[in-house]
Amino acid sequence: MANTKSKGTADSKASKTSSKGTSKKSSSTTMKSSQLMKLFVDELKDIYWAEKALTKAIPKMIKNATSEKLIAALESHLAETVHQVSRVEEVFEVIGKKATAIKCEAMAGLVKEAEEIMEECEEGPMRDAGIISAGQKVEHYEIASYGTLRQFAVTLGLTKAAQLLEETLKEEKAADKKLTQIAESEVNVEAAEEESK
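Anyway, here's the lowdown on the structure attached to this text.

Calculation notes
Residues numbered from 1 in each chain as written. Predicted model: local features only at pLDDT ≥ 70, side-chain atom pairs only at ≥ 80, totals over all residues. Heavy atoms only, no water. Helix = DSSP H or I, 4+ residues; strand = E, 2+ residues; numbered from the N terminus. Buried < 20%, exposed > 50% of the residue type's maximum accessible area, 1.4 Å probe, protein only. Contact = heavy atoms within 4.5 Å. Areas by Shrake-Rupley, 256 points an atom, 1.4 Å probe, with all protein chains shown as cover. Phe/Tyr/Trp six-rings, centres within 6.5 Å; stacked < 30°, edge-to-face > 60°. Salt bridge = Lys/Arg side-chain N within 4 Å of Asp/Glu carboxyl O. Patch = residues over 30% accessible without salt bridge, like charges linked within 9 Å, V, L, I, M, F, W, Y side chains within 5 Å. Lys, Arg positive; Asp, Glu negative; His and termini not counted. Charge placed at Lys NZ, Arg CZ, Asp CG, Glu CD. Expected span 1.5 Å × (residues − 1). Arc of directions from axis to C-beta. Axes fitted to C-alpha atoms, helices over the stretch in contact; angles between N-to-C directions. Parallel < 35°, antiparallel > 145°, perpendicular 65-115°, else oblique. Left-handed = near helix turned anticlockwise from the far one by under 90°. Core = buried A, V, L, I, M, F, W, Y, C linked by side-chain atoms within 4.5 Å.

1. Thoughts on the overall build of the protein
Turning to step 1, where the next piece is worked out: Looking only at helices and strands, the protein features 5 helices and 0 strands.
Turning to step 2, where the next piece is worked out: In the protein, the order of α-helices and β-strands from amino to carboxyl end is α-α-α-α-α.
Turning to step 3, where the next piece is worked out: The proportion of buried residues among the 197 residues of the protein is 39%.
Turning to step 4, where the next piece is worked out: Across the protein, contacts joining residues at least 24 apart in sequence account for 81% of those joining residues at least 6 apart.
Turning to step 5, where the next piece is worked out: Accessible surface for the protein amounts to roughly 11800 Å². Of this, 53% is attributable to carbon and sulfur atoms.

What follows is the structure, given as structure tokens:
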């Protein structure tokens, strides 16, 4: 009987220890999820501002471009960007948050750089090459941002949000690839042949 009682006491202690450990682990996981959720929302506000800023910046690129292929690609991506703004708003809705934009300093800097390139470059192939360069910097920032946001959503179990973010990520990658094709097949070649004034 003594042995049985001793064993029972040991089992009880083990159970309490196990329960305590599980509780601590659960609390830790919840805290991490909460922190990640806050970061996810902050990053979402950041890219929301960035996309809205691009709906104003891309038309300036279109106005300054001369390559027909580049103009067509920019016009196509402008339409995508307008839809991407709506898609980010949909992500906000999915997570039950109000769509709010917080100034994205990185995108503001990239847009400013694009404006400076267009001012400094000669009209024609040189400026077109500069616009592509600036455009691809923007695309790479967006690819990094959407890739991160999608992974955050996956970790947080936000399946619908992850799907929406994946759609935009694919569009950004396609836009970057298109700009590379235009640069390599036409614009960069022409800019290399043109003499600077």
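Read on, since the account is not over.
2. Some remarks on the packing of aromatic side chains
Turning to step 1, where the next piece is worked out: Going through the model one piece at a time under the given rule, you end up with 1 aromatic pair.
Turning to step 2, where the next piece is worked out: Between Tyr 48 and Phe 92, the ring centres sit 5.7 Å apart and the planes meet at 65°, which makes this aromatic pair edge-to-face. Here Tyr 48 is found in helix H1 (residues 2–64), whereas its partner Phe 92 is found in helix H2 (residues 68–94), with 44 residues between them in sequence. Judged on exposure class, the residue Tyr 48 and its partner Phe 92 are both buried.

3. A short note on the pattern of salt bridges
Turning to step 1, where the next piece is worked out: Summed over the entire model, instances satisfying the criterion amount to 6 salt bridges.
Turning to step 2, where the next piece is worked out: Lys 60 is the partner of Glu 115 in a salt bridge, and the nearest nitrogen-oxygen pair spans 3.2 Å. Of the two residues, Glu 115 is situated in helix H3 (residues 105–120) and Lys 60 in helix H1; the sequence distance between them amounts to 55 residues.
Turning to step 3, where the next piece is worked out: Arg 150 is the partner of Glu 166 in a salt bridge, and the nearest nitrogen-oxygen pair spans 2.6 Å. In this pair, Glu 166 is assigned in helix H5 (residues 159–193) and Arg 150 in helix H4 (residues 125–155), connecting sequence segments 16 residues apart.

4. What to know about a negative patch on the surface
Turning to step 1, where the next piece is worked out: Residues Glu 190, Glu 193, Glu 194 and Glu 195 make up a contiguous surface patch of negative charge.
Turning to step 2, where the next piece is worked out: Relative to the helices and strands, Glu 195 is located in the segment after H5.
Turning to step 3, where the next piece is worked out: Overall, the relative accessible area of 71% leaves Glu 195 in the exposed class.

5. Describing H3
The periodicity of an α-helix, 3.6 residues per turn, causes residues three or four positions apart to be oriented the same way.
Turning to step 1, where the next piece is worked out: Between its first and last C-alpha atoms H3 spans 22 Å; for 16 residues at 1.5 Å apiece the expected length is 22 Å, and the two agree.
Turning to step 2, where the next piece is worked out: Every buried residue belonging to H3 is among Met 107, Leu 110, Val 111, Ala 114, Ile 117 and Met 118, and all of these are buried. Buried residues in H3, looked at end-on, bunch into an arc of 120°, giving them a common side. Facing away from the buried side of H3 by over 90 degrees, the exposed positions are Glu 105, Lys 112, Glu 119 and Glu 120.

6. Quick look at the environment of Ile 71
Turning to step 1, where the next piece is worked out: Note that Ile 71 resides in helix H2.
Turning to step 2, where the next piece is worked out: Along the chain, Ile 71 and Asp 128 lie 57 residues apart, while their C-alpha atoms are 9.4 Å from each other.
Turning to step 3, where the next piece is worked out: Apart from the residues lying within four places of it in its own chain, the contact partners of Ile 71 are Ile 62, Ala 65 and Thr 66.

7. Digging into the packing of H2 against H5
Turning to step 1, where the next piece is worked out: Remark: H2 packs on H5, axes separated minimally by 10 Å, with the N-to-C direction vectors making an angle of 165°. With respect to their mutual orientation, H2 and H5 come out roughly antiparallel. In the crossing of H2 with H5, the sense of the turn from one axis to the other is left-handed.

8. What about the nonpolar core?
Turning to step 1, where the next piece is worked out: Ranked by size, the top nonpolar core spans 50 residues in total, and within it Phe 40, Leu 44, Leu 70, Leu 74, Met 107 and Leu 165 carry the most contacts.
Turning to step 2, where the next piece is worked out: For this core, the secondary-structure elements that each account for two or more residues are H1, H2, H3, H4 and H5.
Turning to step 3, where the next piece is worked out: Per-element tally for this core: the top contributor is H1, with 12 residues.
Turning to step 4, where the next piece is worked out: When near neighbours in sequence (up to four residues on either side) are disregarded, Leu 70 contacts Ala 65, Asp 128, Ile 131, Ile 132, Leu 179 and Ile 182.

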